[in-house]
Amino acid sequence: MMDVPFWNREIETAERSCLRRLQLQRLRDTVGWALQTHLYKRKLGQAGIHAPDDIKSLQDLRRIPYTTKDDLRLSFPKGLLAVDMTEVIRVHSSSGTTGIPTVIYFARDDVDNWTDLLARSIVGAGATPADVFQNMMTYGMFTGGLGLHYGAERVGMTVIPIGGGNTKRQIQTMKDFQTTVLHVTPSYLLHIHSKLGEDGIHREDLALRKAFIGAEPHSENTRRKLQDLLHIDAYNSYGLSELNGPGVAFECVCKKDMHVWEDAYIAEVINPDTGAVLKEGEEGELVLTNLVRRATPILRYRTRDLAFLYPQGCDCGRTHRRLSRILGRTDDMLIINGVNVFPSQIEERIMKIPEVATNYQIHVDKKGVLDRLTVRVEICPKLFLGEATVLEALKRKIVEELRSSIVISPQVELHEPGSLPVFEGKAKRVVDERPKD
Ligand code: ADP
Ligand code: ZN
């Protein structure tokens with residue numbers, strides 16, 4: 001066993017049988033709370049579940065119907081509220097990447113439990129009270145800001161609640177306070193890297209050692225690129241506001257994908273078309289159940305995130321199963337002339353190519369009856385001054401690389417660094433201008 005840091009060693013390394021007992025007990029509690037809400041009174045009632053005791057074993061989880069984003073939307077504003085409003089101390093909502101936001105209520109214990117999961121995640125990724133933590137995620141209703149903020153304070157780090165955006169100020173602040181750990185979207189960190197040096201502040205003026213990257217899909221190649229460019233360790237952080245926010249799953253210092261905190265969540269992976277529960281190792285849609293949230297308990301939520309669970313443990317000794325990185329979203333899939341394409345496949349390939357800089361955009365439109373996919377990539381500045389034949393060769397190389405992954409041949413455009421739109425929060429990489437019919 002490696003000598004690795006723990007926040008709560010007992011729970012993080014608990015025997016699987018203990019974890020399962022705890023899950024059953026907490027699932028019953030959660031069903032009891034859920035039955036207080038309009039939504040679940042109806043949904044659970046239809047499945048013949050009227051009291052916590054109707055859940056006899058963890059197998060009975062399968063009797064509980066799935067919850068969808070639409071269920072949450074239709075329950076707006078209070079259909080999912082399980083406690084009296086006087087007990088609610090905070091409201092968060094999802095960032096609404098794909099539609100109307102959904103609202104989540106937190107009671108005092110909910111904030112406390114969530115904070116603890118984040119403290120656990122942060123310590124598991126090797127950060128300590130000696131670290132200076134610059135939180136570049138957007139604050140406000142979005143859970144990325146306050147979630148990690150509370151967790152980092154609980155660990156005892158020095159927290160800089162700078163929030164998203166204002167790249168110059170971010171860089172200056174990293175220097176002034178000798179920031180050691182960042183929380184940031186991978187796309188924004190790539191952008192920050194591209195701006196280093198502009199105001200005379202270089203990497204060697206900074207004390208950076210780690211970054212927690214999350215909130216948007218990214219590939220292993222992007223992680224590597226960030227690590228190499230910035231000489232840091234980058235750790236994947238996964239969560240969604242429906243299930244609290246960040247802290248659902250987080251990488252430990254082994255950096256071999258993320259531990260799902262199974263004392264607080266039950267993770268399942270299902271076939272998104274049939275709803276059948278899949279085995280460990282099989283890729284499908286991640287479904288999550290809250291085990292410790294009173295004010296807005298959510299059962300078997302279909303995340304629309306595609307991933308798989310690892311069957312085996314981890315070198316760190318934690319017994320909580322690991323989740324793969326998010327391989328795509330069932331709803332960001334593009335269909336290009338009948339071929340399914342995930343933006344993550346494109347990202348993975350282009351980030352492997354050293355001449356490609358840090359920003360790109362996926363553009364889709366129609367030419368006649370056919371869909372046209374164009375991948376716009378920024379390339380390294382010095383290449384731009386080079387010969388046209390070099391650029392042509394690079395273009396062909398990118399097309400080839402993409403074709404081997406997504407089967408179709410996209411158009412590729414090479415752009416000057418700094419010319420494509422930049423996002424300070426979650427990047428919007430896909431511009432789909434096909435007429436909606
Ligand atoms: P929205 O669905 O409106 O974007 P959230 O702000 O709650 O709502 O974002 C949660 C979603 O962000 C997840 O369902 C997932 O698709 C994406 N996400 C969060 N963390 C990661 C990560 N580490 N890797 C890939 N995708 C992530
Ligand atoms: Zn581990």
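Structure report, in brief. (Residues numbered from 1 in each chain as written. Chains lettered and ligands numbered in written order. Predicted model: local features only at pLDDT ≥ 70, side-chain atom pairs only at ≥ 80, totals over all residues. Heavy atoms only, no water.)

**Regarding the packing of aromatic side chains**
The relation between two aromatic rings is expressed through the spacing of the ring centres and the mutual angle of the planes.
Argument step 1. Inspection of the entire model under this criterion finds five aromatic pairs.
Argument step 2. Taken together, a centroid distance of 5.2 Å and an interplanar angle of 75 degrees make the contact between F212 and F250 edge-to-face. Of the two residues, F212 is situated in strand β6 (residues 210–214) and F250 in strand β8 (residues 245–251); the sequence distance between them amounts to 38 residues.
Argument step 3. Given the relative accessible area of 1%, F250 is considered buried. (Phe/Tyr/Trp six-rings, centres within 6.5 Å; stacked < 30°, edge-to-face > 60°. Helix = DSSP H or I, 4+ residues; strand = E, 2+ residues; numbered from the N terminus. Buried < 20%, exposed > 50% of the residue type's maximum accessible area, 1.4 Å probe, protein only.)

**Topic: the side chain of D131**
Argument step 1. Turning to its location among the elements, D131 is positioned in the loop between α5 (108–124) and β3 (132–135).
Argument step 2. Side-chain polar atoms of D131 contact the side chain of R209, separated by 2.8 Å.
Argument step 3. Sequence-distant contacts of D131, defined by excluding residues within four places in its chain, comprise G126, M157, T158, T180, V181 and R209. (Polar contact = N/O pair within 3.5 Å; in protein donor to acceptor, adjacent residues only side chain to side chain. Contact = heavy atoms within 4.5 Å.)

**Some words on the sheet that holds strand β4 (residues 158–160)**
Pairing between sheet strands relies on hydrogen bonds along the backbone, with the strands arranged either parallel or antiparallel.
Argument step 1. The strand order across the open sheet built from eight strands is β4-β3-β5-β6-β7-β8-β9-β13, with neighbouring strands paired in mixed fashion. Edge strands, defined here as strands with exactly one partner in the open sheet, are β4 and β13 (322–323). (Pairing = 2+ DSSP bridges.)

**A short note on the coordination of the zinc ion (ligand 2)**
Argument step 1. Around the zinc ion (ligand 2), the donor atoms from the protein are C252 (SG), H259 (NE2), C314 (SG) and C316 (SG), and they sit 2.1 to 2.3 Å away.
Argument step 2. Because the angles between the four donor atoms bound to the zinc ion (ligand 2) fall within 101 to 118 degrees, the donor set is best described as tetrahedral.
Argument step 3. A relative accessible area of 14% means that C314 is categorised as buried.
Argument step 4. Under the relative-accessibility criterion, C316 is labelled buried at 1%. (Donors = N, O, S within 2.8 Å, 3.2 Å for Na, K, Ca; no water. Tetrahedral: all angles 85-135°; square planar, octahedral: opposite > 155°, others 65-115°.)

**Describing helix α9 (residues 220–230)**
Argument step 1. If you check which residues of α9 are buried, you get N221, T222, R223, K225, L226, Q227 and L230.
Argument step 2. Its buried side turned inward, α9 meets α8 (186–195), β6, β7 (233–240), β8, α10 (343–350) and β17 (356–367).
Argument step 3. In the segment just after α9, H231 is the residue with positive phi, at about 55 degrees.

**Considering the side chain of D305**
Argument step 1. Mapped onto the fold, D305 is located in strand β12 (residues 301–307).
Argument step 2. Of the side chains bearing the opposite charge, R329 lies closest to the buried D305, which forms no salt bridge; the N-O distance is 4.1 Å.
Argument step 3. A distance of 2.6 Å separates a polar atom in the side chain of D305 from a polar atom in the side chain of Y238.
Argument step 4. D305 has contacts with Y238, G284, E285, L286, I326, G328 and R329, leaving out every residue within four places of it along the chain. (Lys, Arg positive; Asp, Glu negative; His and termini not counted. Salt bridge = Lys/Arg side-chain N within 4 Å of Asp/Glu carboxyl O.)

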